[in-house]
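Geometric and topological summary
Residue-level listing of the chains:
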Amino acid sequence: MRSTTRPSFPPSVARLLCTGALAGLLTGCVNAPGRTPDEQLPTARWQPRPGTAWQWQLSGTVDTRVDVPVYDIDGFENGPAVVRRLHKSGRKVICYINAGAWESFRPDRDDFPAAVLGRSDGWNGERWLDIRRRSVLRPIMAARLDMCRAKGFDAVEPDLLDGHTNDTGFPLTAAHQLAYNRMIANLAHERGLAVGLKNDLEQIPDLVGDFDFAVNEQCAQYRECSSLSPFIKAGKAVFHVEYSEPERTFCPIAKRLGLDSMRKRLDLGRWRSTC
């Protein structure tokens, strides 16, 4: 798994650093000056395991009353108070961001040069990104992940990591996608965040070691759920949703494969129906 290894120090050196000017930058300084306990950077990434129920709500005011251990919510639309409220009730919280398309309604929309904006991805106000331009997109995505970390999220769900299989307006290849997806995973790990692979089923064998869990839409509808088995075999959760398939159809598949599945409406509001 690709990750950044933080340096370790002998106890005497660590105590000295934790009382000095670098204290606020070191993850091992539990009571670092200028950083409250709730703001400490994590010393180890969260690793969701198969069998972890979840709620996915990207529209409307987040309903924090759903009795599940994991919430996946919009990173831009929700502030640290929502994350803290969920943490206080024992939940882990995933930060949804769009990593594969530009969105006209986001506050950082002007950070994207026109040259990296491609065709519409089918959603109003969204255009595919030229993921070949990693040097351009890296600082923009890093800033988004910094936002997730600053708000206290435990993980990130970067959407649209499968541009190479779509009509983006750019000649994207599987190799371009692998390089970009690994860049996103590395940026998340450098910030102590777990990261999920969104869809991109055909590259799972190459990416299962880079990502901490998977998020999938409609694998039952398209008869693709077995492609997610490498994550389950690696002890990593697969958070799965269907929109039109009835529970009687996809729940047996989910239970057999070990997916954490539910049915949602396309608006991804509060409503959910579980197996």
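Residues numbered from 1 in each chain as written. Predicted model: local features only at pLDDT ≥ 70, side-chain atom pairs only at ≥ 80, totals over all residues. Heavy atoms only, no water.

Further remarks concern the pairing of strand 11 (residues 260-263). Across four bridges, strand 10 (residues 238-242) lies against strand 11 in parallel orientation. From the neighbouring strand, Phe-239 faces strand 11, where its bridge partner is Asp-260. Each parallel crossover has a hand, and for strand 10 linked through helix 7 (residues 247-257) to strand 11 it is right-handed. (Pairing = 2+ DSSP bridges. Helix = DSSP H or I, 4+ residues; strand = E, 2+ residues; numbered from the N terminus. Right-handed = clockwise from strand over helix to strand, strands pointing away.)

Turning to the sheet that holds strand 5 (residues 117-120), a few remarks are in order. Taken in spatial order, the three strands line up as 4-6-5 in an open sheet, and their pairing is antiparallel. Every interior strand has two partners, whereas the edge strands, strand 4 (101-103) and strand 5, have only one. Taking each pair of neighbouring strands and ignoring which way they run, the sheet shows an average axis angle of 40 degrees. (Axes fitted to C-alpha atoms, helices over the stretch in contact; angles between N-to-C directions.)

With that out of the way, let us pick up the nonpolar core. Core analysis: the largest hydrophobic core is formed by 59 residues, its most contacted members being Phe-112, Tyr-180 and Leu-259. The contacts of Leu-259, once residues within four sequence positions are left out, are Cys-219, Cys-225, Leu-228, Ile-232, Val-238, His-240 and Ala-254. Of all hydrophobic cores here, the second largest spans 15 residues; its members include Trp-56, Val-70, Ala-155 and Leu-268. (Core = buried A, V, L, I, M, F, W, Y, C linked by side-chain atoms within 4.5 Å. Buried < 20%, exposed > 50% of the residue type's maximum accessible area, 1.4 Å probe, protein only. Contact = heavy atoms within 4.5 Å.)

As a further point, take helix 3 (residues 134-150). Under the 1.5 Å per step criterion, the end-to-end length of helix 3 is 23 Å for 17 residues, consistent within 8% with the ideal 24 Å. Every buried residue belonging to helix 3 is among Leu-137, Ile-140, Met-141, Ala-142, Arg-144, Leu-145, Met-147 and Cys-148, and all of these are buried. Tucked into the core, helix 3 has its buried residues touching strand 3 (92-98), strand 4, strand 6 (126-129), strand 7 (155-159) and helix 4 (174-190). Just downstream of helix 3 lies Gly-152, where phi reads positive at about 95 degrees. (Expected span 1.5 Å × (residues − 1).)

A separate point is the sheet that holds strand 7. Strand order across the open sheet formed by nine strands is 1-2-3-7-8-9-10-11-12, with mixed pairing between neighbours. Looking at the sheet topology across the chains shown, the edges are occupied by strand 1 (54-57) and strand 12 (273-274). Inspection of the sheet shows strand 7 paired to strand 8 (residues 194-198) by two bridges, in the parallel sense. For Ala-155, the partnering residue across the bridge sits in strand 8 and is Ala-194. Contacts from helix 3 reach strand 3 and strand 7, with the element oriented near 155 degrees to strand 3.

Moving on, we get to the pattern of salt bridges. Counted under the stated rule, the structure contains 18 salt bridges. For Asp-130, the salt bridge identified is with Arg-132, shortest N-O distance 2.8 Å. A salt bridge links Arg-191 to Glu-190; the shortest N-O distance between them is 3.5 Å. Through salt bridges that share partners, Asp-74, Glu-77, Glu-103, Arg-106, Asp-108 and Arg-144 make up one connected network. (Salt bridge = Lys/Arg side-chain N within 4 Å of Asp/Glu carboxyl O.)

The subject of this paragraph is the layout of surface pockets. In this approach, a probe sized like a water molecule rolls over the atoms, and the result shows the empty space that is left. Computed from the structure, the largest pocket encloses a volume of approximately 920 Å³. In terms of lining residues, the largest pocket is bounded by 34 residues, among which Trp-123, Asp-159, Leu-160, Lys-198 and Glu-217 are the most central. A per-class count over the lining of the largest pocket returns 12 nonpolar, eight polar and 14 charged. (1 Å grid on protein atoms, 1.4 Å probe; cavity = no way out; pocket = protein on both sides within 12 Å on 5 of 7 lines; lining within 4 Å. Points joined across faces, edges and corners; volume = space filled by probe spheres on them. Nonpolar A, V, L, I, M, F, W, Y, C, P; charged D, E, K, R; others polar.)

With that settled, consider the state of the cysteines. The bond known as a disulfide is covalent and runs between the sulfur atoms of two cysteines. Following the criterion strictly, the structure yields three disulfides and no others. One disulfide bridge connects Cys-95 with Cys-148, the sulfur atoms lying 2.1 Å from each other. The chirality of the disulfide connecting Cys-95 with Cys-148 is left-handed, given an S-S dihedral of about -60 degrees. Placement of Cys-95 in strand 3 and of Cys-148 in helix 3 is noted, with a sequence separation of 53 residues between them. Just as Cys-95 is buried, Cys-148 falls in that class too. Shown here is the disulfide that connects Cys-219 with Cys-225, its sulfur atoms set 2.0 Å apart. One quick way to see it: the torsion about the S-S bond of Cys-219 and Cys-225 is about 85 degrees, and its sign makes the bridge right-handed. Each member of the pair, Cys-219 together with Cys-225, is buried. (Disulfide = S-S within 2.5 Å.)

Moving on, we come to the packing of aromatic side chains. Across all of its chains, the model carries four aromatic pairs by this definition. Through pairs of rings, three or more aromatic residues link up here, namely Trp-46, Trp-54, Trp-56, Phe-213 and Phe-239. One cation-aromatic arrangement involves Arg-265 over Trp-271; the distance from NZ or CZ to the ring centre is 4.3 Å. (Phe/Tyr/Trp six-rings, centres within 6.5 Å; stacked < 30°, edge-to-face > 60°. Lys NZ or Arg CZ within 6 Å of the ring centre and 35° of its normal.)

These results come straight from atomic positions and should not be treated as a statement about function.
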